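# Structure assessment
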Amino acid sequence: MKNYIFIILLCLIFTSCKKELSFVNETFEEKSTIPCKNDCPKITIDVPIAKNGRVISDSINKRVFAVIKEIVFFEEDSVKVDDYKSLAKSFIFSYEEMRQKFPEDTFGWEAKIIGDVEFQSENILNLKIDHYTFTGGAHGYQGYRSLLFNAKTGKAINNNQLFKNEKEFKAFAEKTFRNTYKIPEKANINATGLMFENDKFQLPQNIFYTSQGLLLYYNSYEAASYADGPKEILFPYEEVQQYLNFQ
């Protein structure tokens, strides 16, 4: 009887470990307590929290938090901010500290972070972070961040790990990019007003796996001016599967 119960417990443990990784979105909000007429400073963080498979979940959640902190944290690194609640509070604190230094200036800060599961398969997980921040100036900044993970281990995947041969894929992508944005084959990549560093085509900082295909996404200022907006190319998977390490 004891052996029977032990076997059942082992089965339950094994089953719980095999649970598919899932996500639950949680929202964190803070507003300034300093009186204001309009555009009162606020921050909203709506983020997917990984559940099940503790080691995998912890790895993913730590990486997501680190990226969001990079976007909205303006204090000294020594300040203890280790969760989303304290991160939201630190954003508002940074505004109020600035307001004390320049009480006559009228400006409102805002941050809005929305995270979603963009793609999930047996081998790869892609989270998308849509972020907007305004901390004064002519306009705020909106962009996307792609966070790629090995779905089996939870370890982050860098862009250069995506490809069997990054140089070959880059050459392939440049031909498509030139065709899409009507840049002559032998002309300088910036000939039509783009802003690639050193006048050389580069893969974007953010690459997404989507249900339609592999998306190369250039945020504003990465390949073009703010006025020209972001640039993107979508490759059906059948066109790029030969280059990919993860499918």
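Residues numbered from 1 in each chain as written. Predicted model: local features only at pLDDT ≥ 70, side-chain atom pairs only at ≥ 80, totals over all residues. Heavy atoms only, no water.

With that out of the way, let us pick up the environment of Ala224. Looking at the element boundaries, Ala224 is found in the loop between strand E7 (214–218) and strand E8 (231–235). A relative accessible area of 1% places Ala224 in the buried class. Along the chain, Ala224 and Tyr144 lie 80 residues apart, while their C-alpha atoms are 15 Å from each other. Here Ala224 is in contact with Leu194, Met195, Gly229 and Lys231, once residues within four sequence places are set aside. (Helix = DSSP H or I, 4+ residues; strand = E, 2+ residues; numbered from the N terminus. Buried < 20%, exposed > 50% of the residue type's maximum accessible area, 1.4 Å probe, protein only. Contact = heavy atoms within 4.5 Å.)

Another point: the pattern of salt bridges. One pass over the structure, following the stated rule, counts 5 salt bridges. Between Glu26 and Lys51 there is a salt bridge; the shortest N-O distance is 3.8 Å. Of this pair, Glu26 sits in strand E1 (residues 22–31) while Lys51 sits in strand E2 (residues 42–51), and the two are 25 residues apart along the sequence. Of the residues examined, Lys51 reaches a relative accessible area of 31% and is grouped as partly exposed. Here Arg178 and Glu174 are joined by a salt bridge, their closest N and O atoms 3.0 Å apart. Pair noted here: Arg178 and Glu174 are both in helix H4 (residues 166–180), with a separation of 4 residues, about one helical turn. Accessibility expressed as a relative area gives 11% for Arg178, which makes it buried. For Glu174, a relative accessible area of 22% gives the class partly exposed. (Salt bridge = Lys/Arg side-chain N within 4 Å of Asp/Glu carboxyl O.)

This next bit is on the environment of Pro48. Within the secondary structure, Pro48 is located in strand E2. Placed 24 residues apart in sequence, Pro48 and Val24 show a C-alpha to C-alpha distance of 5.4 Å. For Pro48, the contacting residues outside a window of four places in its chain are Phe23, Val24, Asn25, Asn61, Gly115, Asp116 and Leu127.

Our next topic: the sheet that holds E8. The 3 strands are arranged E6-E7-E8 in an open sheet whose pairing can be described as antiparallel. The open sheet has two edge strands with one neighbour each: strand E6 (206–209) and E8. Averaged over all pairs of adjacent strands, the angle between strand axes in this sheet comes to 15 degrees, irrespective of strand direction. Docked against the sheet, H4 engages E7 and E8, running at close to 115 degrees with respect to E8. (Pairing = 2+ DSSP bridges. Axes fitted to C-alpha atoms, helices over the stretch in contact; angles between N-to-C directions.)

All told, the structure shown has 26 aromatic pairs when counted by the stated rule. A ring pair is formed by Phe169 and Tyr243, whose centres lie 5.6 Å apart and whose planes are at 65 degrees; its orientation type is edge-to-face. Of this pair, Phe169 sits in helix H4 while Tyr243 sits in the segment after helix H5 (237–240), and the two are 74 residues apart along the sequence. The class of Tyr243 is buried, set by a relative accessible area of 13%. (Phe/Tyr/Trp six-rings, centres within 6.5 Å; stacked < 30°, edge-to-face > 60°.)

Moving on: H4. Each α-helix turn comprises 3.6 residues. Residues three or four places apart therefore point the same way. Over its 15 residues, H4 runs 21 Å from end to end, which matches the ideal 21 Å to within 8%, given 1.5 Å per residue. Taken residue by residue, H4 has Phe169, Ala173, Phe177 and Arg178 as its buried positions. Taken end-on, H4 shows its buried residues confined to a sector of 165 degrees, consistent with a single buried face. Seen from the buried face of H4, the exposed residues on the opposite side, beyond 90 degrees, are Lys167, Lys175 and Asn179. Those residues of H4 that are buried lie in contact with E7, E8 and H5. Positive phi appears at Lys182, one or two residues downstream of H4, with a value of about 55 degrees. (Expected span 1.5 Å × (residues − 1). Arc of directions from axis to C-beta.)

Keep in mind these values describe shape, not function.
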